[in-house]
Amino acid sequence: MAFQLPDLPYAFDALEPNIDAKTMEIHHGKHHAGYTNNLNAAIADSPLADQSIEDILANVSQHSMAVRNNGGGYFNHCLFWEVMSPNGGGNPDNLSVGAAIKDAFGSYDDFKKEFSAAAATRFGSGWAWLSLDGAGKLFISSTPNQDNPLMDVADKKGTPVLGLDVWEHAYYLNYQNRRPDYISSFFNVINWEEVNKRFEAGK
Ligand code: MN3
């Protein structure tokens with residue numbers, strides 16, 4: 001069963017002005033579609049074709065770079081669309097993930113500062129993550145390229161509950177070189193209900 005490109009859960013222009021419609025259309029319809037097609041080509045007629053994406057990523061060091069790059073790209077963007085919403089933003093103080101954020105980072109503002117720094121200082125292309133570790137505690141990390149914390153090659157492994165794409169293709173049309181402005185806008189569209197769902201499921 002081949003992996004499928006999921007529909008965006010909202011219209012291309014739904015996240016404006018934080019993320020523009022043209023960027024969303026190309027990002028979903030070209031980039032994410034490309035990762036999906038290339039992943040399917042890379043696993044075709046191999047035992048990986050019957051595995052879940054999570055299982056593939058957990059042993060990614062044993063697979064080809066095509067599986068690592070496109071499997072990561074497939075999973076990461078599936079998560080990324082879901083953790084944003086036109087009704088997003090605000091803070092998660094009334095959710096259990098909000099309590100866990102306070103516990104791990106001191107306050108929502110401290111979390112925001114640390115997550116933003118991880119996203120801003122990732123050199124070149126990659127992602128910033130909020131993830132659950134094996135002990136059920138939240139941590140922030142960043143990964144290069146299309147790597148993620150589910151991969152056995154990650155510096156710090158865990159279950160991602162929030163991710164931010166900081167490849168230039170995610171923001172360049174609207175923000176050009178102003179990655180910090182894009183990061184700051186991302187907080188206006190975070191779907192905390194979805195992040196909380198992933199947090200509850202991952203505990
Ligand atoms: Mn991307």
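Read on for a plain summary of the structure. Please read these numbers as outputs of a predicted model, since none were measured by experiment.

Analysis parameters
- Residue numbers restart at each chain and count upward from 1, following the sequence in its written direction.
- Reporting in this predicted model follows two pLDDT cut-offs: at least 70 for local features of residues, and 80 or more for side-chain atom pairs to be given and counted; totals over whole chains, interfaces and linings ignore these cut-offs and use all residues.
- Only heavy atoms go into the side-chain values, all of them from the structure, while hydrogens and water stay out.
- Secondary structure elements follow DSSP: runs of H or I of four or more residues count as helices, runs of E of two or more count as strands, with numbering from the N terminus.
- For the radius of gyration, the atoms used are the C-alpha atoms, and the globule rule reads 2.2 Å times the number of residues raised to 0.38.
- Exposure classes here rest on a 1.4 Å probe applied to the protein chains alone. A residue is buried below 20% of its type maximum, exposed above 50%, and partly exposed in between.
- Note on areas: Shrake-Rupley with a 1.4 Å probe; residue coverage comes only from the protein chains shown.
- For the purpose of charge, His is not counted, nor are the chain termini; Lys and Arg are scored as positive and Asp and Glu as negative.
- One atom stands in for each charge, and that atom is NZ of Lys, CZ of Arg, CG of Asp or CD of Glu.
- A pair of strands counts as paired when DSSP detects no fewer than two bridges linking them.
- What counts as an axis is a line fitted to C-alpha atoms, over the stretch in contact for a helix, and the angles between N-to-C directions run from 0 to 180 degrees.
- Any pair of residues with heavy atoms lying within 4.5 Å of one another is described as a contacting pair.
- Distances up to 2.8 Å from the metal define which N, O and S atoms are donors, and 3.2 Å serves for Na, K and Ca; water is absent from the atom set, so sites may look incomplete.
- Every case where a carboxyl oxygen of Asp or Glu lies within 4 Å of a side-chain nitrogen of Lys or Arg is listed as a salt bridge.

1. What to know about the overall build of the protein chain
Thought 1: The secondary structure content of the protein chain amounts to eight helices and three strands.
Thought 2: Counting from the amino terminus, helix and strand elements in the protein chain follow one another as α-α-α-α-α-β-β-β-α-α-α.
Thought 3: A compact globule built from 203 residues should have a C-alpha radius of gyration of about 17 Å, and the protein chain, at 16 Å, falls within 12% of that.
Thought 4: Counting only C-alpha atoms and orienting by the principal axes, one finds that the protein chain spans roughly 50 × 40 × 30 Å.
Thought 5: The buried share of the protein chain, taken over its 203 residues, is 49%.
Thought 6: Surface exposure of the protein chain reaches about 9300 Å², of which carbon and sulfur atoms provide 48%.
Thought 7: One finds the centroid of the 15 positive side-chain charges in the protein chain at a distance of 5 Å from the centroid of its 25 negative side-chain charges.

2. A word on the sheet that holds strand E3 (residues 159–165)
Thought 1: What the three strands build is an open sheet, ordered E2-E1-E3; its pairing is antiparallel. What marks the edges here is a single partner per strand, and that holds for strand E2 (138–144) and E3. This sheet shows a mean twist of 25 degrees between the axes of neighbouring strands, independent of strand direction.
Thought 2: Of the pairings in the sheet, the one linking strand E1 (residues 126–132) to E3 comprises six bridges and is antiparallel in character. Among the inter-strand pairings, Leu-132 is bridged to a residue of E3, identified as Thr-159.
Thought 3: Contacts from helix H4 (residues 96–105) reach E1 and E2 within the one sheet, and its direction differs from that of E2 by about 85 degrees.

3. Comments concerning the coordination of the manganese ion
Thought 1: Every protein donor of the manganese ion is listed here as His-27 (NE2), His-77 (NE2), Asp-165 (OD) and His-169 (NE2), and their distances to the metal cover 1.9 to 2.1 Å.
Thought 2: Going along the chain, you hit the donors of the manganese ion in the pattern H-x49-H-x87-D-x3-H.
Thought 3: Its relative accessible area of 0% is what places Asp-165 among the buried residues.

4. Regarding the pattern of salt bridges
Opposite charge on two side chains makes pairing possible when the charged atoms of those side chains draw close.
Thought 1: Summed over the entire model, instances satisfying the criterion amount to six salt bridges.
Thought 2: Glu-200 is the partner of Lys-203 in a salt bridge, and the nearest nitrogen-oxygen pair spans 3.6 Å.
Thought 3: Judged by its relative accessible area of 57%, Lys-203 falls in the exposed class.
Thought 4: Its relative accessible area of 39% is what places Glu-200 among the partly exposed residues.
Thought 5: Taken together, the shared-partner salt bridges connect Glu-194, Lys-197 and Arg-198 into one network.

5. Some words on the side chain of Asn-191
Thought 1: Within the secondary structure, Asn-191 is located in the loop between helix H7 (179–186) and helix H8 (192–202).
Thought 2: Apart from the residues lying within four places of it in its own chain, the contact partners of Asn-191 are Glu-82, Val-83, Met-84 and Ser-85.

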